[in-house]
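# An overview of the molecular structure
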Amino acid sequence: MNKVAPKMSCINLASVMALLLCLVGLSHTKCDFEAIFNFGDSNSDTGGFYAAFPAESAPFGVTFFKKPAGRASDGRLMIDFLAQALGLPFLSPYLQSIGSNFRHGANYATLASTVLIPNTSLFVSGISPFSLAIQLNQMKQFKTRVLEFHQQGAKSKLPSPDIFGKSLYTFYIGQNDFTSNLGAIGVGGVKQSLPQVVSEIGATIKELYHDVGGRTFMVLNLAPVGCYPSFLVELQHNSSDIDEFGCMVSLNKAVVDYNKMLKETLRETRETLSDANVIYVDVHTVLLELFQHPTSHGLKYGTKACCGYGGGKYNFDPKAYCGNSKTKACDDPYNYVSWDGIHATEAANKLVTYAILNGSYSHPNFPLQEHCHLQPIG
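None of the values given here were measured: they were computed from a predicted structure. (Residues numbered from 1 in each chain as written. Predicted model: local features only at pLDDT ≥ 70, side-chain atom pairs only at ≥ 80, totals over all residues. Heavy atoms only, no water.)

Here we come to the nonpolar core. With 95 residues, the main nonpolar core has F37, L86, M139, Y169 and F178 as its most contacted residues. Here L86 is in contact with C31, I36, L168, L368, C372 and L374, once residues within four sequence places are set aside. Membership of the second largest hydrophobic core comes to 8 residues, among which are C307, C322, Y336 and W339. (Core = buried A, V, L, I, M, F, W, Y, C linked by side-chain atoms within 4.5 Å. Buried < 20%, exposed > 50% of the residue type's maximum accessible area, 1.4 Å probe, protein only. Contact = heavy atoms within 4.5 Å.)

What follows concerns the environment of A83. By secondary structure assignment, the location of A83 is in helix α3 (residues 78–85). Put simply, A83 and T110 are 27 residues apart on the chain and 18 Å apart in space, counted from C-alpha to C-alpha. When sequence neighbours within four positions are dropped, the list of residues in contact with A83 reads I36, L88 and P89. (Helix = DSSP H or I, 4+ residues; strand = E, 2+ residues; numbered from the N terminus.)

Attention shifts here to the sheet that holds strand β10 (residues 362–363). Picture the strands of a sheet paired through backbone hydrogen bonds; they go either parallel or antiparallel. What the 6 strands build is an open sheet, ordered β2-β1-β3-β4-β5-β10; its pairing is mixed. Of all the strands in the sheet, just β2 (105–107) and β10 have a single pairing partner and so form its edges. Relative to strand β5 (residues 277–281), strand β4 (residues 216–220) runs parallel, the two being bridged by 5 bridges. Note that in β5 the partner of F217 across the bridge is V278. (Pairing = 2+ DSSP bridges.)

Turning next to the packing of α3 against helix α12 (residues 346–358). Where α3 meets α12, the closest approach of the two axes is 8 Å, and the angle between their N-to-C directions is 50 degrees. What the angle tells us is that α3 and α12 run oblique. In terms of crossing hand, the pair formed by α3 and α12 is right-handed. Only E346, N349, K350, V352, T353, I356 and L357 of α12 make contact with α3, whose side of the interface consists of M78, F81, L82 and A85. Residue classes in the contact of α3 with α12 are distributed as 7 nonpolar, 2 polar and 2 charged. (Axes fitted to C-alpha atoms, helices over the stretch in contact; angles between N-to-C directions. Parallel < 35°, antiparallel > 145°, perpendicular 65-115°, else oblique. Left-handed = near helix turned anticlockwise from the far one by under 90°. Nonpolar A, V, L, I, M, F, W, Y, C, P; charged D, E, K, R; others polar.)

On to the state of the cysteines, then. By the definition in use, this model includes 4 disulfides. What pairs with C31 in a disulfide is C372, and their sulfur atoms sit 1.9 Å apart. Taken together, the residues span a long stretch of sequence, with C31 in the loop between α1 (13–22) and β1 (35–40) and C372 in the segment after β10 at a distance of 341 residues. The class for C31 is buried, based on a relative accessible area of 15%. (Disulfide = S-S within 2.5 Å.)

Following the sequence through the fold, V281 ends up in strand β5. For V281, a relative accessible area of 1% corresponds to the buried category. With 78 residues separating them along the chain, V281 and G359 place their C-alpha atoms 8.4 Å apart. Every residue in contact with V281, bar those within four places of it in the chain, is listed here: M218, V219, L220, N221, I356, Y361 and S362.

This is how it looks when you write it as structure tokens:
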């Protein structure tokens with residue numbers, strides 16, 4: 001009999017948001033956060049990569065946007081739901097020159113981004129040139145330009161100069177540092193670089209604090225990639241390395257080790273920034289629960305991709321990635337955790353966002369309803 005994770009044993013994730021909405025009347029009449037500035041990879045990219053390298057295709061975006069919308073999912077991402085809950089518009093990608101509005105923040109995330117600066121080209125390895133260090137420099141430039149335009153008295157789609165201390169700074173990055181070389185050097189080789197990854201994240205928060213004026217930072221930890229269809233297909237492993245839920249044990253153990261390092265680094269960073277909120281968000285636990293017990297949360301399929309090729313228990317073929325002419329998306333992505341074998345569906349992203357808003361998966365505890373009048377994210 002499957003054991004349900006302790007935090008999930010008494011309440012369904014969907015019920016969490018219903019409870020939060022009941023408490024809205026007790027929260028602030030407005031949100032403490034007037035903007036969101038996001039740093040990340042494809043898990044939170046709202047169009048930055050495809051603004052720089054236009055090449056997106058259907059069926060991405062089919063569920064909510066009804067067309068490709070720069071997101072590696074069938075619909076909305078966690079960052080989209082978070083913005084909605086805080087009463088803010090979807091974040092415009094910093095790299096998008098047409099139609100962007102930055103009054104309520106900007107998104108520096110791009111597909112395939114890493115924390116560490118890549119030592120190879122996008123066209124060789126597929127890794128984005130927009131690493132975390134580049135995203136940080138873009139943020140600094142953004143602030144400089146905001147101040148310049150304000151001094152000139154120019155009207156623009158930019159925020160007021162005092163926005164930076166009233167913003168939420170979010171991070172969902174590190175997955176590509178962990179996975180991009182797995183096939184070549186294995187888990188052991190990848191683990192050698194992970195201390196440098198978490199150190200860079202901590203250093204970036206300090207720079208945002210001192211140079212930009214940020215005071216509230218939320219860092220999402222690494223997802224249980226050992227449950228992702230892509231790695232279950234592409235990485236060599238023995239049957240003894242697969243657990244009762246179909247996930248790769250060795251890979252998920254390495255993720256847990258990384259997350260412990262990240263949590264400790266953020267604790268140390270928090271101690272050096274006495275008047276800042278540095279929040280570690282455990283999305284790993286929530287996603288793992290969805291992969292292990294999808295039916296307990298209104299889903300059906302854990303380790304099977306909705307959009308892919310080949311069928312079977314994974315429906316993933318690295319030679320026919322979602323969007324390829326051979327592939328086809330399922331008719332019911334709302335029943336899947338995995339959209340394309342690498343990224344989550346809108347349905348899974350929504351459930352994880354409920355947990356983020358609740359605050360019980362944050363360390364220290366950070367219930368957002370105490371800071372904002374939360375809006376529905378239906």
